[in-house]
Amino acid sequence: MAGRWTNTLTRADVTPERLYLNRRQIIAGLAAGAAFGGGTQARAQEALEPNSWEEITSYNNYYEFGTGKDDPARLAGQLTTEPWSIEIDGLVERPGTYALSDILPQMTLEERIYRFRCVEAWSMVVPWQGFELADLLDLAGVAPEASHVAFETLLRPEEMPGVARPVLDWPYVEGLRLDEARHPLTLMATGIYNRPIPNQNGAPIRLVVPWKYGFKSIKSVVRITLTDSEPPTSWNKANAREYGFYSNVNPEVDHPRWSQATEREIGGGLFSKRKPTLMFNGYEEEVASLYAGMDLTENF
Ligand SMILES: Nc1nc2c(c(=O)[nH]1)N[C@H]1C(S)=C(S)[C@@H](COP(=O)(O)O)O[C@H]1N2
Ligand SMILES: [Mo]
């Protein structure tokens, strides 16, 4: 696959120059090779400067380990992520328990530098490694009646101190419409900066949907269920007025308690200017057609 990094970055290597070169390699590789959809990926990745490893792995939301931004980095180290398997069930032709060690050799791993926008109005840029969720769905064979995909995070109280408190209705669950799930931008990520994804970022495998608020990108996935109706989602269950099913990044639809018009870039410094938030987090060209004819204020 075009655009794969051949070198392995260590933390010490993560200097702006080094990143710039790697990004250039990716874009050059995509331009020269088999970029999908007429260069969609190259366009989406241009002009993105990734955050540092330190920023990406120390400022996290993973409520199973606590609600503080530094709780996951402090407390997720004890999570056992091997062996790991994903139960794929519901409206599929080949339901079953899929070991991650069996899944990975069948997938095409790619580098994807994505903008990431939390509903709390902060953002960062992350160089993921992963494969397209569509390829995993094809492995299980989606039945024609399926219209939605439900996801579930591991629930293991002995290793997850945060689930002792009923902050959310555990396990954490999320959902996508099938066409959103099959979109080529939708990734199952297993790495960051060419290293295994750290526990606090959702090891060993997590969803990444770059045009939606961060909470849709569910971590440490253990179950994927194909359904014929919209599945429940954790944040919608917790507060339906504040969190809808779609949760597309939309600067024109404010959260009831704060504006979504601008965002604070993590790592930008205490006094850095807020940036305007882009429709669909900057992926409008790629995904707007999924929502043609929908009222995005009603379907927030
Ligand atoms: N299982 C689970 N997945 C989760 C969360 C969580 O608390 N539990 N938090 C979500 C939220 S609100 C955000 S912003 C992102 C944060 O991902 P990051 O820590 O890798 O930046 O993960 C999302 N996925
Ligand atoms: Mo978030």
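Note that this is a predicted model, so its numbers are computed, not measured.

Conventions used here
- Residues numbered from 1 in each chain as written.
- Chains lettered and ligands numbered in written order.
- Predicted model: local features only at pLDDT ≥ 70, side-chain atom pairs only at ≥ 80, totals over all residues.
- Heavy atoms only, no water.
- Near = heavy atom within 4 Å.
- Polar contact = N/O pair within 3.5 Å; in protein donor to acceptor, adjacent residues only side chain to side chain.
- Areas by Shrake-Rupley, 256 points an atom, 1.4 Å probe, with all protein chains shown as cover.
- Nonpolar A, V, L, I, M, F, W, Y, C, P; charged D, E, K, R; others polar.
- Helix = DSSP H or I, 4+ residues; strand = E, 2+ residues; numbered from the N terminus.
- Buried < 20%, exposed > 50% of the residue type's maximum accessible area, 1.4 Å probe, protein only.
- Contact = heavy atoms within 4.5 Å.
- Pairing = 2+ DSSP bridges.

K.L.:
I tried to follow the site of ligand 1 on my own but got confused; where do I start?
P.N.:
Among the 16 residues in the neighbourhood of ligand 1, the closest are listed as N60, Y63, E64, T153 and K219. Between ligand 1 and the protein, one listed contact pairs a nitrogen atom with a side-chain N or O atom of E64 at 2.8 Å. A distance of 3.0 Å is found between an oxygen atom of ligand 1 and a side-chain nitrogen or oxygen belonging to R206. Here ligand 1 has 530 Å² of accessible area as a free molecule, and 98% of this is covered by the chains. Tallied by class, the residues present in the shell around ligand 1 amount to 7 nonpolar, 6 polar and 3 charged.

K.L.:
Help me out: how do you make sense of the environment of D228 in this one?
P.N.:
Along the chain, D228 turns up in the loop between β10 (221-227) and α8 (234-238). Overall, D228 belongs to the exposed group, its relative accessible area being 55%. Along the primary structure D228 and H148 are separated by 80 residues, whereas in three dimensions their C-alpha atoms are 6.0 Å apart. Beyond its immediate stretch of four places on either side in the chain, D228 contacts L91, E145 and S147.

K.L.:
What am I meant to see in the environment of P232 here?
P.N.:
In this fold, P232 is placed in the loop between β10 and α8. P232 sits 81 residues away from F151 along the chain, and the two C-alpha atoms are 9.7 Å apart. When sequence neighbours within four positions are dropped, the list of residues in contact with P232 reads V173, E174 and K237.

K.L.:
When you look at the pairing of strand β4 (residues 122-132) in this model, what are you seeing that I'm missing?
P.N.:
Both faces of the sheet carry side chains from a regular strand, because those side chains alternate between them. Among the 11 residues of β4, 11 are classified as buried, and the element is accordingly described as predominantly covered. Where strand β3 (residues 110-117) and β4 come together, 8 bridges link them in antiparallel fashion. Looking across to β4, one finds that Y114 is bridged to V126. Counting the residues that bridge the hairpin from β3 to β4 gives 4 residues, and of these A121 lies at a positive phi of roughly 70 degrees. Bridge analysis of β4 against strand β11 (residues 262-265) gives 2 bridges, and the strand direction is parallel. Residue pairing in the sheet places W122 in a bridge with R264 of β11. As paired elements, β4 and strand β7 (residues 187-192) share 5 bridges and run antiparallel to each other. Following the sheet pairing, F131 is matched in β7 by M188.

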